[in-house]
Amino acid sequence: MKILGIIPARFASTRFPGKPLVDIAGKSMIQRVYEQAKKSTSLSEVIVATDDMRILEHVKEFGGLAELTSAEHQSGTDRCAEVSENNPGFDIIINIQGDEPFIEPETINILAHCFIDENVSLATLVKQITEFEELVDINTPKVLIDQLGNAIYFSRTPLPFNRDSEPKKWLQKSNYYKHIGIYGYRKSTLQLITRLNVSDLEKAEALEQLRWIENGLKIRVAKTEFQSIAIDTPHDLERAIKHLNSQR
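Residues numbered from 1 in each chain as written. Predicted model: local features only at pLDDT ≥ 70, side-chain atom pairs only at ≥ 80, totals over all residues. Heavy atoms only, no water.

A. Region of the structure containing the environment of Ser199. Secondary-structure assignment places Ser199 in the loop between α7 (187–193) and α8 (200–205). Sequence separation between Ser199 and Tyr176 is 23 residues, and the spatial gap between their C-alpha atoms is 25 Å. Setting aside residues no more than four positions away along its own chain, Ser199 makes contact with Leu210, Arg211 and Glu214. A polar atom in the side chain of Ser199 sits 2.6 Å from the side chain of Glu214. (Helix = DSSP H or I, 4+ residues; strand = E, 2+ residues; numbered from the N terminus. Contact = heavy atoms within 4.5 Å. Polar contact = N/O pair within 3.5 Å; in protein donor to acceptor, adjacent residues only side chain to side chain.)

B. Spotlight on the state of the cysteines. The final tally for this structure, using the stated rule, is zero disulfides. With no disulfide of its own, Cys114 lies 17 Å from the sulfur of Cys80, the closest cysteine sulfur. (Disulfide = S-S within 2.5 Å.)

C. Summary view of the pairing of strand β1 (residues 3–9). Burial of β1 is extensive: seven of the seven residues sit out of reach of the surface. By the bridge criterion, four bridges tie β1 to strand β6 (residues 92–95) in an arrangement that is parallel. Bridging from a neighbouring strand, Gly5 pairs with Ile94 of β6. Of the pairings in the sheet, the one linking β1 to strand β4 (residues 45–50) comprises six bridges and is parallel in character. Within β4, the position partnered with Ile7 by the bridge is Val48. (Buried < 20%, exposed > 50% of the residue type's maximum accessible area, 1.4 Å probe, protein only. Pairing = 2+ DSSP bridges.)

D. Quick peek at the side chain of Asn162. Along the chain, Asn162 turns up in the loop between β9 (151–155) and α6 (170–173). Here Asn162 is in contact with Trp170, Lys173, Ser174 and Tyr176, once residues within four sequence places are set aside.

E. Structural context of the packing of aromatic side chains. Enumeration over the complete set of coordinates arrives at five aromatic pairs. For the pair Phe161 and Trp170, a centre-to-centre distance of 5.0 Å together with 70° between the ring planes defines the contact as edge-to-face. A relative accessible area of 60% places Phe161 in the exposed class. One aromatic cluster is present, built from ring pairs that chain together Tyr183, Tyr185 and Trp212. (Phe/Tyr/Trp six-rings, centres within 6.5 Å; stacked < 30°, edge-to-face > 60°.)

Structural measurements only, silent on function.
Here is the structure:
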C-alpha cells in the first residue's frame with residue numbers, strides 16, 4: 001500500500017495572506033509542515049500542492065517537492081485530487097493541513113492505519129473533548145461516531161444533546177469528540193468526492209465533510225491524543241512561536 005501525503009498551500013488566505021511563507025523561528029511554516037510530514041513512517045512521498053509560484057519556488061529551494069495546481073480550486077481537497085491524478089501509483093492520499101507546523105508524524109500514521117481495512121475509503125481523526133469551552137465553541141466541529149467507528153454527523157454545536165442535564169454537566173454524561181482536520185482517501189474516492197455538488201447540510205454547517213455523508217459515503221474515524229496548533233491569524237502565529245520556544 002503506497003501512501004502519498006499532499007499538503008495544500010494557498011497564498012491568498014483571507015485572514016492571513018501569504019501565511020505558508022511566514023517565518024517561524026528561522027523556517028517558513030510550509031517548510032515545518034513538510035519536514036514533519038516527511039518523518040511519518042507511513043508516507044511513501046510528500047508533495048506540496050500550491051497555486052502560487054512563490055510557494056512552489058520556496059519549497060524547491062529547501063529541497064521539497066511541489067506542484068503548481070489550478071487557481072480555480074475551491075478547496076484543499078480539489079488541490080489534492082489534481083496532484084493525485086498527476087502521480088499514479090499511489091493507493092491512498094493523505095491531505096495534510098498546510099497551516100499546522102508542529103503536526104505530529106504519529107498523527108499521520110494513525111490515520112494511515114485506518115486503510116488496512118479494505119472497506120475503508122475515507123478516514124479522519126478525532127480527539128476527546130475535556131473542556132466545556134471547547135464543547136460550546138462553534139469553531140470546534142464535533143463528531144458523532146457509530147459503533148462501527150464511522151462518523152454519523154459533524155456539527156458546530158454540541159452533539160449529543162443531553163436533554164436531562166444542564167450543559168455544564170454534559171461532559172460527565174457522554175463522550176464528546178472534536179474533529180481533527182486531517183483526511184485520508186482511497187484515490188478513486190478522492191476523485192469521486194470532488195465531483196459532488198455542494199450539499200444542503202454542508203451549506204448549513206460550513207463543513208465540507210457533510211457533503212460526503214449526505215451522498216452516502218462512510219467516513220472511518222480514528223481517535224488520537226495528538227492535536228497540533230493551526231495558524232489562521234497573526235495572533236495564532238505568536239502563539240505558535242511561544243509554543244516552539246517553550247519546547248527548547
